[in-house]
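Structural overview for review
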Amino acid sequence: MKTICCIGAGYVGGPTMAMIARQCPDCRVVVTDIDEKRIAAWAAGHPPIYEPGLAELVRVSLNRNLFFSTDIARGIAEAQIVFVSVNTPTKTFGQGAGRASDLQYYEKAARQILEHAQADMIVVEKSTLPVRTAEAMDSILKSGRKDVRFEVLSNPEFLAEGTAIQDLEHPDRVLIGGHETPAGREAQQALVEIYARWVPRDRILTTNIWSSELSKLVANAFLAQRISSINSISALCEATGADVEEISRAIGMDSRIGPKFLRASVGFGGSCFKKDILNLVYLAESYGLREVADFWNRVVAMNDYQENRFVRAIVTRMFNTVAGKRIAVFGFAFKADTGDTRESPAIRVCRELAAERAHVVVSDPFALDNARIELADLGAAVAYEPDPYAAARGAHAIAVLTDWRDYRALDYPRIFAGMEKPAFLFDGRNCLDHRALFDLGFNVFPIGKRFYSHL
Ligand SMILES: NC(=O)c1ccc[n+]([C@@H]2O[C@H](COP(=O)([O-])OP(=O)(O)OC[C@H]3O[C@@H](n4cnc5c(N)ncnc54)[C@H](O)[C@@H]3O)[C@@H](O)[C@H]2O)c1
């Protein structure tokens with residue numbers, strides 16, 4: 001029986017390995033992590049992250065051919081294939097701070113593999129990494145040991161949080177980069193055979209290893225670029241009376257453009273978009289490609305502008321002061337169907353509102369624990385309330401920051417009745433019925449669309 005080990009039991013490692021375990025019942029899959037609490041939660045069948053369908057998927061294989069452990073050494077020693085799915089956040093110190101990837105966790109994993117491997121092994125880069133990182137992995141793995149042969153592959157993950165299980169089950173494509181040598185091609189083929197259990201072969205792409213590494217950064221950069229592009233147009237719509245949704249529809253029907261990722265909003269978030277673009281910018285700079293770096297940097301700058309514009313609109317519309325006013329924030333997760341709050345626009349919006357001395361009350365169905373951690377330093381300036389009705393009671397304004405489906409079905413007449421007047425609603429996701437809310441008495445301010453005001 002083949003044993004697969006994964007180092008890193010996070011948003012990528014956990015769900016990906018649960019899918020492999022289900023699709024390959026003849027493989028033993030061991031997911032390891034240094035975080036004991038995370039491993040205990042996975043092992044108990046209660047994943048430490050919220051993702052629709054994940055708990056059910058894990059329970060199918062748990063303790064049958066899917067195991068979670070903090071014994072990383074043993075996990076590596078018993079495996080023929082090791083996936084490395086550790087975090088690669090933006091560096092906060094030293095050279096490249098604020099842009100380059102912090103590769104310390106990744107390198108540590110490489111050294112653990114070198115130390116504990118017992119036999120020839122395929123090492124799969126699952127984490128998102130700067131192009132040519134496999135070279136560093138190769139160099140570490142080739143240092144000091146002649147008894148074991150390692151073959152490094154790049155297999156970036158394209159899942160999106162909120163739809164991870166669907167994305168893993170029916171991926172648009174699986175990308176496997178390898179060295180262009182007989183051993184590299186053999187390793188690539190071994191990984192192809194695993195995915196081919198459930199992914200059609202024409203969706204499994206094999207490329208050279210550098211293309212694979214770079215494709216992941218480029219995919220995220222292109223996706224984020226579409227959001228920043230439409231967000232830039234949303235500002236122009238507000239200035240001219242055009243409607244950004246009508247524009248998205250009109251341009252999205254052009255088959256060359258396509259309809260996805262054209263929704264204007266308060267901005268993109270998540271652990272990957274900003275980090276991966278900044279990494280691309282840093283790479284371009286380090287190869288002396290200043291114009292390329294500047295081009296992609298603007299995508300992040302536009303996102304900052306959009307978040308900033310949203311807060312400015314709240315303050316301006318509310319008579320230039322929110323001091324002492326209760327503002328209910330509906331949604332703190334960076335998108336619906338996840339509890340993940342990393343880089344969520346809600347972080348900045350709440351911080352800036354608190355800086356304006358507003359009393360911020362955050363509501364979210366799955367992200368309040370993470371919200372408390374993100375905003376811990378703000379203390380009593382922010383309150384946390386799972387029930388949106390309670391959050392809005394006595395509020396001067398509601399700011400919708402996550403497009404949770406539940407928010408569309410709330411009893412808004414009841415909410416309006418309990419609010420201070422005039423009652424404001426700022427829809428940062430354009431997910432509510434603005435006209436109907438206006439008819440109830442709200443002053444409604446969406447993104448890139450006409451606003452409705454009784455004032
Ligand atoms: N989150 C996403 O949607 C997503 C999608 C595609 C790709 N990625 C990429 O996948 C990688 C992982 O992302 P994530 O969101 O799963 O991160 P995460 O922070 O949720 O999980 C990473 C885990 O690795 C563990 N870890 C770190 N060093 C370790 C070590 N030496 N030994 C054992 N465990 C270790 C951490 O404790 C943590 O639990 C990143 O490179 C990210 O860019 C993420």
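Residues numbered from 1 in each chain as written. Predicted model: local features only at pLDDT ≥ 70, side-chain atom pairs only at ≥ 80, totals over all residues. Heavy atoms only, no water.

A few words on helix α13 (residues 345–355). Among the residues of α13, P345, A346, I347, V349, C350, L353 and A354 are the ones counted as buried. At its buried positions, α13 is contacted by α12 (290–317), β9 (326–330), β10 (359–363) and α14 (368–374). (Buried < 20%, exposed > 50% of the residue type's maximum accessible area, 1.4 Å probe, protein only. Helix = DSSP H or I, 4+ residues; strand = E, 2+ residues; numbered from the N terminus. Contact = heavy atoms within 4.5 Å.)

Before going further, it helps to examine the domain arrangement of the protein. The extent of an interface is frequently quoted as the accessible surface area lost upon association of the parts. Along its sequence, the protein is carved into domain 1 (2–199) and domain 2 (210–455). Of note, the centres of domain 1 and domain 2, computed from C-alpha atoms alone, are 32 Å apart. Carbon and sulfur atoms make up 57% of the surface buried where domain 1 meets domain 2, a total of about 2500 Å² over both sides. Salt-bridge contacts for R342 lead to E161; the nearest nitrogen and oxygen are separated by 3.6 Å. Listed by contribution, the elements that provide at least two residues to the side of domain 1 that touches domain 2 are α6 (133–142) and β7 (174–178). Residue composition of the side of domain 1 that touches domain 2, grouped by class: 14 nonpolar, 13 polar and eight charged. (Domains from an automatic or database assignment. Buried area = accessible area lost by both parts, 1.4 Å probe. Salt bridge = Lys/Arg side-chain N within 4 Å of Asp/Glu carboxyl O. Nonpolar A, V, L, I, M, F, W, Y, C, P; charged D, E, K, R; others polar.)

Bringing the sheet that holds strand β11 (residues 382–384) into the picture now. Ordered in space as β11-β10-β9-β12-β13-β14, the six strands form an open sheet in which the pairing is parallel. Only two strands of the sheet have a single neighbouring strand rather than two, namely β11 and β14 (443–445). Neighbour-to-neighbour, the strand axes of the sheet open up by a mean angle of 20 degrees, direction not taken into account. The sheet contact formed by β10 and β11 spans three bridges and is parallel. Bridge pairing links V361 to A383 in β11. Taken strand by strand, α12 contacts β9, β12 (397–400), β13 (424–427) and β14, and its axis lies near 165 degrees from that of β13. Across the sheet, α13 touches β9 and β10, and the angle it forms with β10 is around 155 degrees. (Pairing = 2+ DSSP bridges. Axes fitted to C-alpha atoms, helices over the stretch in contact; angles between N-to-C directions.)

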